[in-house]
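# Remarks on the overall topology
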Amino acid sequence: MKIKAYHKDFDYTYTLGVFETIELLQNKPDLVLRVYIKSNSSKNKGIAIINELCKKNKIDLIESDNTINKLSKKENCFAVAIIKKYTLSLDDTNHVVLVNPSDMGNMGTIIRTMLGFNYVNLAIIRPGVDVFDPRVIRASMGAIFNINFEYFDSFDEYIEKYPQHNIYPLMLKGAKNIHLIEPDQQSHSLVFGNESSGLPDEFLDYGQSIFIPHSEKIDSLNLSMALGITLCHFSKDIFKSKEVLR
């Protein structure tokens, strides 16, 4: 198998770093085709973990500076794993819905933030970022291998498949302040728009639209920041009961 620079039409993708490679090997080892490491990577503590996981799962571990240098321009990339692409469906717990997301760095950050608040279902309304792009995987620090994601051609297609969810579009024109929303027991969908334009006005007609108040010194919050605030609010009752909180 000749490994080339990533293209979205490929049936495989790859990790670009030790941490995300470990996350992949721990969560989806059956999809890993092979792992490459650099010749000078032995001092990296994660390489020993990768070696153990590859042995445990009978995955080829190959030392190849050329392969890694071809796939990554970063000098601190010491491991690359080649993985088969896969498809998933969402479960019936809470969802995050991104409508036409376009920024790869934001996508990775969003996925990692979701996992931090125990949201493991991501719906993406096309057109949208390719979650298998190695830049997204790297930005997520491997969190992508711990979540479910599913693409839809329209928001109506999404709600047709998951009609039982309460819908909460996050909008500058939202009808209700987020701090006045009490998280309910029914499964919900938190809906966010594109980084540059947000959600169109038609989303005011879906469920309960909400807004995050902020000072007049800015016109809006960054998408990943708005998502973090929203997930924190909607998960507050769950985390109040956790002993880990101080």
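Structure shown above.
Please read all numbers here as calculations on a predicted model, not as lab measurements.

## Here we look at unusual backbone geometry
The amide bond that connects Arg 126 to the next residue, Pro 127, takes the cis arrangement and shows omega of -5°. Within the element layout of this structure, Pro 127 appears in the loop between β6 (121-125) and α5 (134-139). The backbone phi angle of Asn 118 is positive, close to 65°, even though this residue is not glycine. Considering the arrangement of structural elements, one finds Asn 118 in the loop between α4 (104-116) and β6. One non-glycine residue, Met 141, adopts positive backbone phi at about 55°. By the secondary structure assignment, Met 141 is in the loop between α5 and β7 (148-152).

## Overview of the nonpolar core
Core analysis: the biggest nonpolar cluster contains 61 residues, and Ile 50, Val 96, Met 107 and Leu 122 have the highest contact counts within it. When residues no more than four places from it in sequence are discounted, the contact partners of Val 96 are Met 114, Tyr 119, Asn 121, Leu 122, Ala 123, Leu 190, Phe 192, Leu 227 and Leu 231. With 15 residues, the next largest nonpolar core counts Val 97, Val 191, Leu 199 and Phe 203 among its residues.

## Quick word on the sheet that holds strand β4 (residues 79-84)
Across the sheet, four strands lie side by side as β1-β4-β2-β3; this open sheet has mixed pairing. Lying at the two open borders of the sheet, with one neighbouring strand each, are β1 (12-14) and β3 (61-63). Ignoring strand direction, the axes of neighbouring strands in this sheet form an average angle of 20°. Pairing of β1 with β4, which is carried by three bridges, proceeds in the antiparallel orientation.

## Points about the pairing of β6
Counting buried residues in β6 gives five out of five residues, a clear majority hidden from the surface. On β6, burial covers both faces: Asn 121, Ala 123 and Ile 125 on one face and Leu 122 and Ile 124 on the other are all buried. Two strands pair when backbone bridges link them, and strand β5 (residues 95-99) and β6 are joined in this way by four bridges, in the parallel orientation. The partner of Leu 98 across the bridge, within β6, is Ile 124. Handedness of the β5-α4-β6 crossover: right-handed.

## Topic: the packing of aromatic side chains
If you walk through the whole model with that rule in mind, you get 14 aromatic pairs. Their ring planes at 80° and their centres at 5.4 Å tell us that Phe 152 and Tyr 158 sit as a pair that is edge-to-face. One aromatic cluster is present, formed by Phe 152, Phe 155, Tyr 158, Tyr 162, Phe 203 and Tyr 206 through successive ring pairs. For the cation-ring pair, Lys 28 lies above Tyr 86, with the distance from its terminal atom to the ring centre recorded as 5.1 Å.

## So, the sheet that holds β6
Strand order in the open sheet formed by five strands is β7-β6-β5-β10-β8, with parallel pairing between adjacent strands. Each edge of the open sheet carries a strand with a single partner, namely β7 and β8 (166-169). Between one strand and the next, the sheet's axes are offset by a mean angle of 20°, whatever the strand orientation. By the bridge criterion, four bridges tie β8 to strand β10 (residues 188-192) in an arrangement that is parallel. Paired with Asn 166 across the bridge in β10 is His 188.

## Let's talk about the pairing of β4
Of all six residues in β4, five are buried; the element is thus mostly enclosed. Where strand β2 (residues 32-37) and β4 come together, five bridges link them in antiparallel fashion. Looking at the pairing, Arg 34 lines up with Ile 82 of β4.

Parameters and conventions
All chains use their own residue numbering, which begins from 1 and follows the written sequence. At least 70 in pLDDT is required for a residue's local features to be given in this predicted model, at least 80 for side-chain atom pairs to be given and counted, and no such filter applies to totals for whole chains, interfaces and linings, which use all residues. Hydrogens and water molecules were not included; the side-chain quantities draw on all heavy atoms of the structure. In DSSP terms, a helix is any run of H or I states spanning at least four residues, a strand is any run of E spanning at least two, and both are numbered starting from the N terminus. Among the buried residues, those of types Ala, Val, Leu, Ile, Met, Phe, Trp, Tyr and Cys that are joined through side-chain atoms within 4.5 Å form a nonpolar core. Type-normalised accessible area, obtained with a 1.4 Å probe on protein chains alone, sets the label of each residue: buried when under 20%, exposed when over 50%, and partly exposed for intermediate values. Only heavy atoms enter the contact rule, under which two residues are in contact if any of them lie within 4.5 Å. Think of it this way: DSSP has to see at least two bridges between two strands before they count as a pair. Lines fitted to the C-alpha atoms define the axes, with helices restricted to the stretch that makes contact. Angles between their N-to-C directions range from 0 to 180 degrees. For crossovers, right-handed means that the path from the first strand over the helix to the second runs clockwise, given strands pointing away from the viewer. In this scheme Phe, Tyr and Trp rings, the latter by its six-membered ring, pair at centre separations within 6.5 Å, and the angle between planes marks the pair as stacked below 30 degrees, edge-to-face above 60, and tilted otherwise. Two thresholds decide whether a charge sits over a ring: the Lys NZ or Arg CZ must be within 6 Å of the ring centre and within 35 degrees of the ring normal.

Spatial relationships are all this shows, so hold off on functional conclusions.
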